[in-house]
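Okay, here's what each chain looks like letter by letter:
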Amino acid sequence: MTNAETQEAKRADAGGSPFSGVNVEEKLFQNRYRVDVGRPHIRIRESAVCEDCDFKSCTICCPAGCWRLESGKIELVTDGCLECGTCRIVCDQKNVDWNYPRGGFGILFKFG
Amino acid sequence: MTEELKAAGSVSAKLPAERFDVIVVGAGPAGNAAAYTLAKSGLSVLQLERGEYPGSKNVQGAILYSNALEKIIPDFRDSAPLERHIVEQRFWLLDERSSLTSANYRSEEFNKPPYNRYTIIRARFDKWFSQKVQEAGALLICETTVTGLLRDNAGRVIGVSTERENGDIYADVVILADGVNSLVPSRAGLRPEIRTCDMALAVKEVLFLPKETIEQRFNISGSEGSVTEIAGGITHGMLGTAFIYTNKDSLAIGIGCILEGMKKQRVTPSELLEGLKNHPMVKPLIAGSEMKEYSAHMIPEGGYKTLPELYGDGWVIVGDSAGFVNAVHREGSNLAMTTGRIAAETIAALKAAGKPMSAANLAAYKESLDASFVMADMKKYQDMPDLLTNHPQYLGSYPSFISGALHDFLTVDGKSKAEKQHQIFQGLRQQRSLWGMLGDAYKFWRTFK
C-alpha cells in the first residue's frame, strides 16, 4: 500500500465525512464548457513522480475531481476543470504543468 | 478605430500592430478599474481577456462594496446589474453537525440610499463593467490568453506575448491584473509562488429559488438582502469560513478553507460544501432549490507579509494577482478596484508629465497605496494569518466551547445553575489552561488593535 492509499484507508476507517461519496460529476453537469478537444491545459510532467508521491494532494484538493487515484495510479481528466489552479499550488513536487486553456476555451461561467 | 480592430474578438482576427500606452492583462475588477480610469484620462489602452466575455472566468461570492466603485463610476447604481442591497449581516458559528450560535446585525440605516453593499452576480456585473470600460475608449480583446511578458535588453517590460499568431503586442507599461492564479508574473519571476498555507480554496453553488421564497426564508423584502458569514466546526477545524448570500432569485452558498488544511486533513472541497448544505440549520433555507452552477476559486489570504514587489520597469501588479485581500473582513474586490484605479492614476499622471514608466517613477503607485486605506488595512492584520495558523484554537476549540456551553446552560435538567456554571468553566479549563486563555485573548487583541 502506498502512503496515500494508507491515508485513504484511514480516512475511510475514521468514518471520514458523511459526504465522502458526493458525486462531483453531477455538479459539473450544470456548468457550461467549451472543451478544447485533444489539447488538455494541464499535464503531468513525470508520471513516475506522481507514483512516488506520498500524499497525492491533488486527488483531495481538486474541487472538480479531475485528479483521481485509479489502482495506485494518478489519472488526470481536465474536461470538467474549474480553472482554479489549486492542483498547481498543492503539488509539492511541482509536477503539474498548468497553463490557461486557449482563449475562449474551458469553463464558461454563467454566474461566476 | 478600424473595423479590423473592432472584430478582433474572434480567435482568427489579427491583433493590432500599433503600440499602446498601456496593456491591461485581465478584465476582472482590478483590470476593469484600471482600464476605465486610463481610458477616461485619454490614454490608449489595450485590455486582454482570456474568457469568451469578461466575467466568463471570474468567480466571487459576491458582495460589491459601493465605495470602491463610486470612486470610479459615481453613478454606477443607474445602470449596474445589482441583485440586493444588504440590510442584515449574520455571523454564524455552525458546529460540524447540529447546532447554530449566531449574532445578527440589521439596521434600517442600511435601508437608506445610497446603499453601502450589494450582492452581485459576477458574470453579469463584469460584463456591465467591461461595457463601461469600452465606452470610455479602451480596446478590449477577448479569447486571448497572455502567455508572457516581453522585455528589452535592459530587462524592462515592453509588452506581452499572446498565444495568437504574431501575438506580440507592445506598450509603455503593462498592468498585471490576471487574478489569483497569476501565471504571467510568476513565470516572469516578478512574484514568488504562493504557499498552500497562504492560499484558500472556496467552492460555491448558485441555487435558484422563487424570489418570494428567498424573501420569506431570510426575512427580507423588495430589494433588501442579507449576508450570512459562517465559521466553526463546519470547516472541520480548518482555517476557513462559509457564506450564504441572497441574490434576487438565487442564493450563493459556499465554503472556503486554507489549502494547507485540506491537504493535511484530507477533506475534499465538495465534502465541505455538502456538509454545509446538509447542516440542519442550512438545509431548510435551501430546500427545493435548483442548483445551476458549481464553481471554485482560490483566494490569496497571506496578507501584507506575502505582498510581492508591486512595480518595476514597465509594469505594475494589482488586485488578486498581487494578493490584495483582507481575509478578516472578507474584502477583495474593493481592494482590486482601488489598486487598479490607483495604478491607473499613477500611470496617467506620469504620462501627462511626459515621464517614462520606469521603476523609479512607478514607485509613486506604492506610495499612493501606502497613503490609502488599502495598505493601512493590509498592515493592520499582517499578523493574523500567522496567529490563526499557529493557534488553531481560535477557530477550533473556542467555537466548539461556546456552542457546548450554551447547550449546557440552556438545557433544563434539574442541575443547579451554580453547578452548571462550574461544569462549563471546568470544561473550558480542560481544553485550555487559564494562562493559555489569557494569552490567547491578549494575542488576539494585539493582532486586532
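Per chain, residues are indexed from 1 in the order of the written sequence. Note on labels: chains are lettered from A, ligands numbered from 1, in written order. In view of the model being predicted, local features appear only for residues whose pLDDT reaches at least 70, and side-chain atom pairs are presented and counted only at 80 or more, with totals across whole chains, interfaces and linings using the full set of residues. Hydrogen atoms and water are omitted, and side-chain values are computed over all heavy atoms in the structure.

1. Looking at the overall build of chain B
Test applied: Working definition: helices are DSSP H or I runs of at least four residues, strands are E runs of at least two. Numbering for both runs from the N terminus. Partly exposed describes any residue whose relative accessible area lies between the buried limit of under 20% and the exposed limit of over 50%, with all areas from a 1.4 Å probe on protein chains only and scaled to the type maximum. Two residues qualify as a contact provided that any one of their heavy atoms is within 4.5 Å of a heavy atom in the partner residue. Only the protein chains shown count as cover for residues, and all accessible areas are computed by the Shrake-Rupley method using a 1.4 Å probe. Neither His nor the chain termini are counted; the positive set is Lys and Arg, and the negative set is Asp and Glu. Taken as the charge location is NZ of Lys, CZ of Arg, CG of Asp or CD of Glu.
For chain B, the count of helices and strands is 17 helices and 17 strands. Viewed in the frame of its principal axes, chain B has a C-alpha envelope of about 85 × 50 × 40 Å. In chain B, which comprises 449 residues, the proportion classed as buried is 58%. Counting only contacts in chain B whose residues sit at least 6 apart along the sequence, the fraction spanning at least 24 positions is 71%. Put simply, chain B shows about 18,200 Å² of open surface, and 53% of that area lies on carbon and sulfur atoms. Mean positive and mean negative side-chain charge positions of chain B (50 and 52 charges, respectively) differ by 4 Å.

2. A closer look at a nonpolar patch on the surface
For clarity, the cut-off: Patches draw on residues past 30% relative accessible area with no salt bridge. Two like charges within 9 Å are joined, as are two nonpolar side chains (Val, Leu, Ile, Met, Phe, Trp, Tyr) within 5 Å. When a carboxyl oxygen of Asp or Glu is within 4 Å of a side-chain nitrogen of Lys or Arg, the pair counts as a salt bridge.
The grouping of Ile402(B), Leu406(B), Phe409(B) and Leu410(B) at the surface amounts to a nonpolar patch, some 370 Å² of accessible area in total. As for its position among the elements, Phe409(B) is in helix H15 (residues 397-410).

3. Quick look at the domain arrangement of chain B
Residues and elements named next belong to chain B. Keep this limit in mind: These domain boundaries are the output of an automatic or database domain assignment. When two components associate, each loses some accessible surface as probed by a 1.4 Å sphere; the sum of these losses over both components is called the buried area.
Domains assigned within chain B are domain 1 (15-83 + 120-192 + 308-371), domain 2 (100-110 + 196-300) and domain 3 (385-448). Its C-alpha centre places domain 2 at a distance of 25 Å from the equivalent point of domain 3. Contact with domain 2, which involves 4 residues of that partner, is made by 7 residues of domain 3. Between domain 2 and domain 3, roughly 530 Å² of surface is buried when both sides are summed, and carbon and sulfur atoms account for 71% of that area.

4. Remarks on helix H6 (residues 211-218) of chain B
Residues and elements named next belong to chain B. Residues of H6 that are buried include every one of Thr213, Ile214, Glu215 and Phe218, and no others. Tucked inside the fold, the buried residues of H6 contact strand E4 (84-94), strand E5 (100-106), strand E12 (224-231), strand E13 (240-246), strand E14 (250-258) and helix H9 (283-286). Once H6 ends, the next one or two residues include Asn219, with phi positive near 55°.

5. Here's the deal with the interface of chain A and chain B
Operational definition: Polar contacts here mean pairs of N or O atoms no more than 3.5 Å apart (in protein, one a potential hydrogen donor and the other a potential acceptor; neighbouring residues in sequence count only if both atoms are side-chain atoms). Under this grouping Gly is polar, as are all residues other than the nonpolar Ala, Val, Leu, Ile, Met, Phe, Trp, Tyr, Cys and Pro and the charged Asp, Glu, Lys and Arg.
At the junction of the two partners, chain A supplies 49 residues and chain B supplies 58 residues. Where chain A abuts chain B, roughly 4,400 Å² becomes buried across the two surfaces, and 53% of that area is made up of carbon and sulfur atoms. Scanning the region where chain A abuts chain B turns up 7 salt bridges. Among the salt bridges present, the one from Lys27(A) reaches Glu274(B), with a minimum N-O distance of 2.7 Å. The interface formed by chain A and chain B includes 30 residue pairs in polar contact (both at pLDDT 80 or more). Going through the elements one at a time, helix H1 (3-13), helix H2 (24-28), strand E1 (32-34), helix H4 (57-61), helix H5 (86-90) and strand E6 (106-108) of chain A are the ones with two or more residues in the side of chain A that touches chain B. Tallied by class, residues from the side of chain A that touches chain B come to 23 nonpolar, 15 polar and 11 charged.

6. Let's talk about the nonpolar core
Condition: Here, the term nonpolar core denotes a set of buried Ala, Val, Leu, Ile, Met, Phe, Trp, Tyr and Cys residues that are joined through side-chain atoms within 4.5 Å.
Ranked by size, the top nonpolar core spans 74 residues in total, and within it Phe129(B), Phe324(B) and Ile347(B) carry the most contacts. Here this core takes 9 residues from helix H11 (residues 333-352) of chain B, the largest share from any one element. With near-sequence residues (within four places) excluded, Phe324(B) lies in contact with Leu307(B), Leu310(B), Val318(B), Gly319(B), Gly332(B), Leu335(B), Thr339(B), Tyr365(B), Leu369(B), Val374(B), Met375(B) and Met378(B). Counting 61 residues, the second largest nonpolar core, distinct from the first, contains Val96(A), Phe218(B), Val267(B) and Leu273(B).

7. Considerations on helix H12 (residues 359-370) of chain B
Residue and element names in this part refer to chain B. Under the convention used in this document: Here the expected span of a helix is defined as 1.5 Å times the quantity of residues minus one. Relevant arc is that of directions from the helix axis to the C-beta atoms, nothing else.
An ideal rise of 1.5 Å per residue puts 16 Å on 12 residues; H12 measures up with 16 Å between its terminal C-alpha atoms. Within H12, burial applies to Leu362, Ala363, Tyr365 and Leu369. Along the long axis of H12, the arc covered by the buried residues comes to 140°, so they all point the same way. Across H12 from its buried face, at more than 90 degrees, point the exposed residues Ala360 and Glu367. Tucked into the core, H12 has its buried residues touching strand E10 (168-176), strand E16 (311-312), strand E17 (315-317), H11 and helix H13 (373-380).

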